[in-house]
Amino acid sequence: LGDVTFGRVTLQPGWKWSTCVKPIAKTESCQAPHLQYHISGRLHVVMDDGSEMDFEPGDVSLLPPGHDAWVIGDEPFVAIDISGMTHYAEPPNKA
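First, a word on what this report is: a plain description of the structure on this page. (Residues numbered from 1 in each chain as written. Predicted model: local features only at pLDDT ≥ 70, side-chain atom pairs only at ≥ 80, totals over all residues. Heavy atoms only, no water.)

A few words on the sheet that holds strand β3 (residues 42-47). The strand order across the open sheet formed by three strands is β4-β3-β6, and the pairing between neighbours is antiparallel. Both edges of this open sheet fall to β4 (52-55) and β6 (67-72), since each of them pairs with a single strand only. In this sheet, neighbouring strand axes are inclined to one another by 20 degrees on average, regardless of whether the strands run parallel or antiparallel. Here six bridges tie β3 to β6, and the two strands are oriented antiparallel to one another. When the sheet's bridge partners are listed, Val-45 is paired in β6 with Ala-69. (Pairing = 2+ DSSP bridges. Helix = DSSP H or I, 4+ residues; strand = E, 2+ residues; numbered from the N terminus. Axes fitted to C-alpha atoms, helices over the stretch in contact; angles between N-to-C directions.)

Here you go:
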């Protein structure tokens, strides 16, 4: 849809951005903005400023760059990501 990329993300129990993706992205926190609709499972998010949020099925989240996140509990987390999948886990450009 133009510049919008829809992505379905499934994250398994035990998944954490800072341990699973940080080594690939090579940034201190996730720098992709996300607009997500949460389908199943639960996700905990910690922003770089220290604020924290939990999301569950039916929630919509708008996350700016600068966050860590992990799956809560033993159910996979599933969401439709409307804005963050185009450049997800990409290392920063080297100029």
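Now for the side chain of Ser-40. Relative to the helices and strands, Ser-40 is located in strand β2 (residues 34-40). In this structure Ser-40 touches Pro-57, Glu-75, Pro-76, Phe-77 and Val-78, once residues within four positions along its chain are discounted. (Contact = heavy atoms within 4.5 Å.)

The next point concerns the side chain of His-44. Topologically, His-44 is positioned in strand β3. With relative accessibility at 12%, the residue His-44 sits in the buried group. Polar contacts involving the side chain of His-44 include one to the side chain of Asp-54, which spans 2.3 Å. (Buried < 20%, exposed > 50% of the residue type's maximum accessible area, 1.4 Å probe, protein only. Polar contact = N/O pair within 3.5 Å; in protein donor to acceptor, adjacent residues only side chain to side chain.)

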